[in-house]
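Listed here are the chains, written in short residue letters.
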Amino acid sequence: MGKNNQRIALGKVMPGTAFERMLYFENPTDRQLNVESVQLTPPLVARCLTRTVEPGGLGHFILTVDNEQVVGEYKGQVRISFYEALHPADYFIDAYFVPAVEFKPHPAFFVGTELGKTERATIEVINHRPKPLMISGIRHDSERFDMSIETLVPGQHYEVTLTLSGEVPGEKLSEAVYLLTGKKGKKGMKLLANTWIRERVYALPEALDMGRLPIFVTLDARKVAAFAQTLMVYKKGGSDFKITVSSDVNYIDIDSERGPDGDRYKLTVTLIPGKTPTGNYSGNLFICTNDEKIKTLTIPIRGSIFESERRSDGERRGDSDRRTDNDRRGR
C-alpha cells in the first residue's frame, strides 16, 4: 500500500492509555492539495491535520483513540478527502480495546454435564486499571452449582470457578452471578452462569433446522444430500442401546447408524427428492429407546421451501421457440 492507502495494526489498546500515532499522506501530483473532509469511525480522533499539501509533499495527522467507548476487537477507518484529488487517503485500523476489567475467556460460564457427573469451568478476572479491584465474595441463588474464588494477584488477578453438580437433571438455565466488590461487598459485577444437566439419554442438537431452500434444489438427489442434517442420540454408560425412529413429516428420509460401542446413534435426515411441498413446514422426530426411564425423545424439525425463479435451459429455449412461433403467426 502507498502512503494514501494504509492498514494500521494498533494491537492491544489498554484502558486509559494516552495513545498517539503520526500518520502521513502524500501529494504525488503537480498541484496543491487541499483537505475537503475527514471521516472517522468512533472512537478514532484525528488531531493536528495538515490542511494543505504542496506538490510532491507530505501531509500528516496524529491519530488518537478514545478507548473508553469501545471494548473488544475493533475494525475502523479514517478517510481524508481532497478537493483536487479523485481518490481519498484511506487508513484501515485494526485494534483490540482491552476493557478496564477483563473476563477470560468470556464474562459468562457455559457448563454442561451428564446426570451423575460433576463438571467445572473457570473464568479469569483481570483488572487493568491502576486502582486495585478487591473482590470480597460471590452471590448467587442457584442450587445447581457452587462457586469459589482464588486470588492470584491481590487487586489485579482472580480465578472464579463454577462447579456444576449432576445430581438432578434439569433444563438449560441462565442465572446471574455477582462478584462482590467495593466496601463491605455492596457493589457487584454481574456474570452469567449457563448450565445444563443432561439426562442419561439425550440428543444433540435439540432441534433440527433443515434450512430454507429453493424448490429446484429439492428435485435433485445430489443437491438434497448436500443439505442433509445430522442428529446424535446418546445413552451414557450404555453398551446395548437401541432406538427406533419415526416422524410426522412424511417427506423426509431418516438413516440410522449405530456407534461401534453401542452407546449412540447417528441419524441423517434428508428431504425426499420431488416430494417436498412449497412453504414452511414443521413437525417432530420421535425416537423410541430401550432405556427403562427415558423411553421417548421428541425432536422438533422445521424448514422452508420456496418457489424459485431459476429455470432450466430447456424451459428458456421452449419460451424462445414459442415467442418465435407467435411472431410468425402474427406476420
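Within any chain, residue numbers begin from 1 and follow the written order of that chain's sequence. Only residues with pLDDT of at least 70 are given local features in this predicted model, and only at 80 or more are side-chain atom pairs given and counted; all residues enter the totals for whole chains, interfaces and linings. Neither water nor hydrogens contribute to the side-chain values; these are computed over all heavy atoms in the structure.

**Here we look at the sheet that holds strand S23 (residues 279–289)**
- DSSP bridges decide pairing: two strands pair if at least two such bridges lie between them. Comment: elements are numbered from the N terminus, with helices defined as DSSP H or I runs of at least four residues and strands as E runs of at least two. Strand order across the open sheet formed by four strands is S18-S24-S23-S20, with mixed pairing between neighbours. Edge strands, defined here as strands with exactly one partner in the open sheet, are strand S18 (208–214) and strand S20 (243–247). Neighbour-to-neighbour, the strand axes of this sheet turn through a mean angle of 20°, independent of strand direction. Every angle, taken between N-to-C directions, lies between 0 and 180 degrees, and every axis is a line fitted to C-alpha atoms, over only the stretch in contact when it is a helix.

**Considerations on the nonpolar core**
- Here, the term nonpolar core denotes a set of buried Ala, Val, Leu, Ile, Met, Phe, Trp, Tyr and Cys residues that are joined through side-chain atoms within 4.5 Å. Note on classification: 1.4 Å probe, protein chains only; a residue is buried when its accessible area is under 20% of the maximum for its type, exposed when over 50%, partly exposed between these limits. Ranked by size, the top nonpolar core spans 25 residues in total, and within it Leu231, Val233, Leu271 and Ile287 carry the most contacts.
- The set of elements that each furnish at least two residues to this core consists of strand S17 (201–204), S18, strand S19 (229–235), strand S22 (264–271), S23 and strand S24 (296–306).
- By the convention used here, residues are in contact when the closest approach between their heavy atoms is within 4.5 Å. What Ile287 contacts, discounting residues up to four positions off in sequence, is Leu231, Val233, Ile243, Thr244, Val245, Leu267, Lys295, Thr296, Leu297 and Ile299.
- Core analysis: the next-biggest nonpolar cluster, separate from the first, contains 24 residues, Val13, Leu44, Tyr74 and Val78 among them.

**Details of the environment of Phe110**
- Relative to the elements of secondary structure, Phe110 occurs in strand S10 (residues 108–114).
- Looking at Phe110, the relative accessible area reads 59%, which means it is exposed.
- In this structure, the C-alpha to C-alpha distance between Phe110 and Thr195, residues 85 residues apart in sequence, is 6.0 Å.

**Considerations on the pairing of strand S11 (residues 119–127)**
- In terms of strand pairing, strand S9 (residues 101–104) meets S11 through four bridges, oriented antiparallel. Bridge pairing in S11 places Val101 opposite Asn127.
- Relative to strand S14 (residues 157–164), S11 runs antiparallel, the two being bridged by eight bridges. What sits directly across from Thr122, in S14, is Thr161.

**Some details on unusual backbone geometry**
- The step from Pro42 to Pro43 runs through a cis peptide bond, and the omega angle for that step is 10°.
- Relative to the helices and strands, Pro43 resides in the loop between strand S3 (33–40) and strand S4 (44–47).
- Residue Lys104 is joined to Pro105 through a cis peptide bond whose omega torsion reads 0°.
- With respect to the element layout, Pro105 can be found in the loop between S9 and S10.
- Even without a glycine there, the phi angle at Cys48 is positive, about 55°.
- Structurally, Cys48 can be placed in the loop between S4 and strand S5 (52–53).

**Here's the deal with the pattern of salt bridges**
- A pairing counts as a salt bridge when a side-chain nitrogen of Lys or Arg comes within 4 Å of a carboxyl oxygen of Asp or Glu. By the definition in use, this model includes twelve salt bridges.
- Note that Lys235 is salt-bridged to Asp291, the shortest N-O span being 3.3 Å. Placement of the pair is Lys235 in strand S19 and Asp291 in the loop between S23 and S24, with a sequence separation of 56 residues.
- When its relative accessible area of 2% is taken as the criterion, Asp291 is described as buried.
- Among the salt bridges present, the one from Asp263 reaches Arg264, with a minimum N-O distance of 3.2 Å.
- Its relative accessible area of 13% is what places Asp263 among the buried residues.

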